[in-house]
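Here is what each chain is made of, one letter per residue.
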Amino acid sequence: MAIATAENPKGATRRRTRVRLGAIRAGAPKAVDKTGTAAPATMEEVAYRLTDALLKVASNKGAPGPDGQTIEMLLAQWPVVLPKLQADLLAGTYQPGGIRRVFIPKAGGGQRGLGIPDVADRVVQEAVRQVLEPLWEPTFHPSSHGFRPGRSCHTAITEARTHLENGYEWCVDLDLEKFFDLVCHQRLMARLAERVGDRRLLVLIGRMLKAKVVLPDGVQIASEQGVPQGGPLSPLLSNVVLDEFDRELDRRGHRFVRYADDAKVYVRSERAGQRVMVSLTEFIQRRLRLKLNGAKSAVARPEDRHFLGFRLRVDPQSGVVEVLLSERTKRNAMERVRQLTPRNWGSSLDDCFVQINAWVTGWHGFFGIVSVSEMQMMRKIDAHIRRRLRAIILHHWKRRRTIAKRLVALGVNRRAAWHQVYRGRRSWWALSHAHAVEQGLRNAYFAKRGLSFVVDLHRRALQQIAAPDPPQLALWG
């Protein structure tokens, strides 16, 4: 539990936030049993769900929007804000605020622009999402896996493996260029109007789409197209737009997998893939009014294409489809290790271990579905982590005399330790690869200090998959 002290001024704020969340949660209206049917898409239903939406937004945390209001501030003012917010929504007078534009680096290079609405606007968007999702989710295509309940990147990879196992070993890689920035508002609103009868709700969504974007330098620009990434409603709206694309692929009989704006169509030959690429490019540009990124789209073997951080390869000997790490994922993993283990690490080594263990656990939680053939790459990641840590330890020990004495205390031959430490003017990084240092700061040293290894996590995961189901025990009354 966070405790408010002079060194931890955020402790009191976190505690007050938990208390307010508990009070709001206790006073929230109970969910009504609708016997599996979707709630009506009305503004009344949106207003009814505002408190539940607030709890969802608060659980996701997030930064403030252009107005500077934080989640904690909205929680403190919620008893006053809620009645006014409901009245404005029901009267149709609610006006969304601006959207703060921030740029984050993309895994493949470049920057991705995110839009952060005001906290109150995020609450309204979440309430609208909760109302619209039951109307659209049951009708989305099964091969759409992005931003959907019960589906994930792993389910997309599983379906892609099935297509390869069935003999569709060529991939038409379709990458939509700046999809979230180029969505046509008129087409999107027309799709929504097919199932939403409350005009007030449609007007509200239209206002959200046209909210002004506040750039980092303070300049405001109008939004005539696109769905800003960063709000709770944008993932659902993107699936509504691309559902038409999914239906067209299904009508043509294609086997495909789509995750957000990244789609893969699987065919039996390269020639068939070229034909599909030409026809789908025309459909995307003329019918959907979107653009295809020619530099990132191609017809190739799945093993040569990056898909959600993975590659798929059919083993020529056994015919088994292997799930491998993409080259981009390998580079990003090594770069992330470098960021977590800077040479001038000034805190304790245990703090560094905590950061690395958190990253290793999360990284393997996502990429742990890869085949056993990627064990070698995981060993390289572990070795890279250990060498970076050795350089930090040497930097903490500072003097070469201290380094030699510490290595001898760890069991290294005295003569070898002093000779290798004092040989030449080597940097901490070069010295971290010396045999005496590797012998003293061996794997067991780090394991004893509590460092997690990717290889160990993956080995345990593979053992759990290969282990037979436990015997069923009879229950005697």
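Being a predicted model, the structure only gives us computed values, none of them experimental.

Rules of the game
Residues numbered from 1 in each chain as written. Predicted model: local features only at pLDDT ≥ 70, side-chain atom pairs only at ≥ 80, totals over all residues. Heavy atoms only, no water. Salt bridge = Lys/Arg side-chain N within 4 Å of Asp/Glu carboxyl O. Helix = DSSP H or I, 4+ residues; strand = E, 2+ residues; numbered from the N terminus. Buried < 20%, exposed > 50% of the residue type's maximum accessible area, 1.4 Å probe, protein only. Polar contact = N/O pair within 3.5 Å; in protein donor to acceptor, adjacent residues only side chain to side chain. Contact = heavy atoms within 4.5 Å. Pairing = 2+ DSSP bridges. Axes fitted to C-alpha atoms, helices over the stretch in contact; angles between N-to-C directions. 1 Å grid on protein atoms, 1.4 Å probe; cavity = no way out; pocket = protein on both sides within 12 Å on 5 of 7 lines; lining within 4 Å. Points joined across faces, edges and corners; volume = space filled by probe spheres on them. Nonpolar A, V, L, I, M, F, W, Y, C, P; charged D, E, K, R; others polar. Phe/Tyr/Trp six-rings, centres within 6.5 Å; stacked < 30°, edge-to-face > 60°. Lys NZ or Arg CZ within 6 Å of the ring centre and 35° of its normal. Core = buried A, V, L, I, M, F, W, Y, C linked by side-chain atoms within 4.5 Å. pLDDT = per-residue confidence, 0-100.

This paragraph deals with the pattern of salt bridges. Scanning all chains against the criterion turns up 26 salt bridges. Linking Arg-148 and Glu-137 is a salt bridge whose minimum nitrogen-to-oxygen distance equals 2.7 Å. Taken together, the positions of Arg-148 in the loop between helix H5 (119-136) and helix H6 (153-165) and Glu-137 in the loop between H5 and H6 put the pair 11 residues apart, joining distant regions of the chain. Accessibility assignment for this pair places Arg-148 and Glu-137 in one class, buried. Residue Arg-187 pairs with Glu-244 through a salt bridge whose shortest N-O separation is 2.4 Å. Residue Arg-187 is located in helix H8 (residues 185-193), and its partner Glu-244 is located in helix H10 (residues 234-251); the two are separated by 57 residues in the primary sequence. Among the residues examined, Arg-187 registers a relative accessible area of 25% and is labelled partly exposed. Glu-244 gets classed as buried once you look at its relative accessible area, which sits at 13%.

Turning our attention to the side chain of Ser-297. Residue position: Ser-297 is located in the loop between helix H11 (270-286) and strand E8 (298-300). One polar contact links the side chain of Ser-297 to the main-chain amide nitrogen of Asp-175, over a distance of 3.0 Å. Here the side chain of Ser-297 touches Asn-293 through a polar contact of 2.8 Å, landing on its backbone oxygen. For Ser-297, the residues in contact, after removing those within four places along its chain, are Asp-173, Leu-174, Asp-175, Met-277, Leu-292 and Arg-305.

What follows covers the sheet that holds strand E4 (residues 213-214). The strand order E2-E1-E4-E5 describes an open sheet built from four strands, whose pairing is mixed. Each having just a single partner strand, strand E2 (111-117) and strand E5 (220-221) make up the two edges of the open sheet. Sheet analysis places strand E1 (residues 99-105) next to E4, joined by two bridges and oriented parallel. In the sheet register, Ile-99 faces E4, and the bridge partner there is Val-213.

Looking now at the sheet that holds strand E6 (residues 255-259). Taken in spatial order, the four strands line up as E6-E7-E3-E8 in an open sheet, and their pairing is antiparallel. Every other strand in the sheet has two partners, leaving E6 and E8 as the edge strands with one partner each. Neighbouring strand axes in the sheet, compared pairwise and without regard to direction, differ in orientation by 20° on average. Note: strand E3 (residues 170-175) against E8, three bridges, orientation antiparallel. Across the sheet, Asp-173 pairs through a bridge with Ala-298, a residue of E8.

Our focus in this paragraph is empty space enclosed by the protein. In total, this model carries four cavities of 30 Å³ or more according to the counting rule given. Taken as a whole, the largest cavity holds about 140 Å³ of empty space. Ile-99, Gln-125, Met-208, Leu-209 and Pro-228 are, among the 17 residues lining the largest cavity, the residues nearest its centre. Residue assignment for the lining of the largest cavity shows that the elements contributing at least two residues are H5, helix H9 (199-209) and H10. Looking at the lining of the largest cavity, the element that brings in the most residues is H9, giving three residues. When the residues that make up the lining of the largest cavity are grouped by side-chain class, the tally is 11 nonpolar, five polar and one charged.

Take the packing of aromatic side chains next. For the coordinates displayed, the defined rule picks out 11 aromatic pairs. Look at Phe-179 and Phe-180: their rings are 5.1 Å apart centre to centre, the planes differ by 70°, and that puts the pair in the edge-to-face class. For the pair formed by Phe-179 and Phe-180, the shared burial category is buried. Seen from their ring centres, Phe-310 and Phe-367 are 5.3 Å apart, and the 55° between their planes marks the pair as tilted. Note that Phe-310 is positioned in strand E9 (residues 310-314) and Phe-367 in helix H13 (residues 349-367), a separation of 57 residues in sequence. Of the two residues, Phe-310 and Phe-367, both sit in the buried class. Over the ring of Trp-136 we find Arg-195; its NZ or CZ atom is 3.9 Å from the centre of that ring.

Attention now moves to the nonpolar core. Grouped together as the largest cluster of nonpolar side chains are 66 residues, with contacts concentrated most on Val-128, Leu-132, Leu-192, Leu-201 and Phe-245. For this core, the element with the highest residue contribution is H5, accounting for eight residues. Counting 60 residues, the second-largest nonpolar core is a separate cluster that includes Phe-353, Val-370, Met-375 and Leu-389.

Positive phi, close to 60°, is recorded for Lys-61, a residue that is not glycine. Residue Lys-61 is classed as exposed on the basis of its relative accessible area of 62%.

In the predicted model, the protein chain carries a mean pLDDT of 87, and 88% of its residues have values of at least 70. Within the protein chain, the lowest mean pLDDT, 58, falls on helix H1 (residues 10-27), and the highest, 96, falls on E6. Counted against residues more than four places away or in other chains, residues 1-7, with its pLDDT under 50, gives nine contacts. Across residues 31-36, where pLDDT falls below 50, the model places three contacts with residues more than four positions away in sequence or in other chains.

Our focus in this paragraph is the pairing of E6. Counting buried positions along E6 gives four out of five residues, so the element sits mostly inside the fold. The sheet contact formed by E6 and strand E7 (residues 262-267) spans five bridges and is antiparallel. The residue of E7 that forms the bridge with Phe-256 is Val-265.

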